[in-house]
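The residues making up each chain are set out below.
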Amino acid sequence: MSARKTKLVEAEHPINPVGGLADATVSQLSDDAKTRLILQLRERIGQLEASDVRLRSVLDLSHDSYWEQDEQHRFTFLSEALERRVGAPQSFLGKTRWELHPTGATPEQWAAHRAVIDAHLPFRDFEYLVTSQGFGAFHVSVSGDPVFSHDGSFKGYRGVVSDISPIKQQEL
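Everything in this summary refers to the structure shown in the same document.

Definitions and limits used
- Residues numbered from 1 in each chain as written.
- Predicted model: local features only at pLDDT ≥ 70, side-chain atom pairs only at ≥ 80, totals over all residues.
- Heavy atoms only, no water.
- Core = buried A, V, L, I, M, F, W, Y, C linked by side-chain atoms within 4.5 Å.
- Buried < 20%, exposed > 50% of the residue type's maximum accessible area, 1.4 Å probe, protein only.
- Helix = DSSP H or I, 4+ residues; strand = E, 2+ residues; numbered from the N terminus.
- Contact = heavy atoms within 4.5 Å.
- Phe/Tyr/Trp six-rings, centres within 6.5 Å; stacked < 30°, edge-to-face > 60°.
- Salt bridge = Lys/Arg side-chain N within 4 Å of Asp/Glu carboxyl O.
- Expected span 1.5 Å × (residues − 1).
- Arc of directions from axis to C-beta.
- Pairing = 2+ DSSP bridges.

1. A short note on the nonpolar core
Part 1: By size, the foremost hydrophobic cluster in this structure holds 20 residues, and its most contacted members are W67, F123, F126, Y128 and V142.
Part 2: Going through the elements one at a time, β4 (75-78), α4 (97-100), α5 (107-118), β5 (123-132), β6 (136-148) and β7 (154-163) are the ones with two or more residues in this core.
Part 3: Once residues within four sequence positions are removed from consideration, Y128 is found in contact with R97, H101, G104, A105, W110, F138, H139, V140 and V142.

Following this line, the structure appears as structure tokens:
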């Protein structure tokens, strides 16, 4: 193996963030280089897992809950805190926000919101009314950021939702 490829593995960050080794394939690496690469990957996985635990902990402490949507704006992930706080069951998966709560906002508000997300733009503080069996009706505020793959293609949204019912009740 060339010195260039050996140095690649010995570098602090040998993994190309786009997905894979920058110049070499694993089959071209020496056993020592493969071992170092595996150790580096294990260390990075541990760092990512610790970061994930910290994020989940912060979200659990906050009054916000986390969600993700696919390219067609269908929910693909709802945090456990979302179900506990606002009664968003896992049956919401595969459905859009406006399918779940069509009367939660005016047609004009839904149209404006959809125009923003169809343009794949970030959005902040979109408010609407949620009705959920067992939890009744309550107001939420959602914010989300678009997610793009490394090649720039749109992958969906991820964001947070807050129960703003106490604020809305004070406004009355």
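And the narrative resumes.
2. Focus on the packing of aromatic side chains
Part 1: According to the stated counting rule, one finds nine aromatic pairs in the structure shown.
Part 2: With a centroid separation of 6.1 Å and an interplanar angle of 85°, the aromatic rings of W67 and F75 are classed as edge-to-face.
Part 3: On the basis of relative accessibility, which here comes to 1%, the residue W67 falls in the buried class.
Part 4: Aromatic pair F123 and Y157: ring centres 5.6 Å apart, planes at 55°, arrangement tilted. Note that F123 is positioned in strand β5 and Y157 in strand β7, a separation of 34 residues in sequence. Take F123 and Y157: they sit in the same class, and that class is buried.

3. Structural notes on the pattern of salt bridges
Part 1: Per the stated rule, a full pass over the model turns up four salt bridges.
Part 2: Two residues, D70 and R74, come together in a salt bridge whose shortest N-O distance is 2.8 Å.
Part 3: Residue D70 is classed as buried on the basis of its relative accessible area of 12%.
Part 4: Here R124 and D145 are joined by a salt bridge, their closest N and O atoms 2.8 Å apart. Taken together, the positions of R124 in strand β5 and D145 in strand β6 put the pair 21 residues apart, joining distant regions of the chain.
Part 5: For R124, a relative accessible area of 49% translates into the label partly exposed.

4. Describing α5
Part 1: End to end, α5 covers 16 Å across 12 residues, agreeing with the expected 16 Å (1.5 Å per residue, within 8%).
Part 2: Residues of α5 that are buried include every one of W110, H113 and I117, and no others. Summarising the axial view, the buried residues of α5 lie within an arc of 65°, below the 170-degree limit, and thus occupy one face. Projecting away from the buried face of α5 at angles above 90 degrees are the exposed residues P107 and E108.

5. Quick word on unusual backbone geometry
Part 1: If you check the backbone angles, H120 has positive phi at about 60° while not being a glycine.
Part 2: Looking at where H120 falls in the secondary structure, it is placed in the loop between α5 and β5.
Part 3: Non-glycine residue D125 carries a positive phi angle of around 55°.
Part 4: The residue D125 is located in strand β5 in this model.
Part 5: Looking at D125, the relative accessible area reads 53%, which means it is exposed.

6. Observations concerning the pairing of β6
Part 1: In the sheet, β5 pairs with β6 via eight bridges, with the strands oriented antiparallel. Bridge pairing links S132 to G136 in β6.
Part 2: For β6 and β7, the ladder comprises nine bridges, and the chain directions are antiparallel. Bridging from a neighbouring strand, V140 pairs with D163 of β7.
Part 3: Hairpin connection between β6 and β7: a loop of five residues separates the two successive antiparallel strands, and G152 in this loop has a positive phi of roughly 95°.

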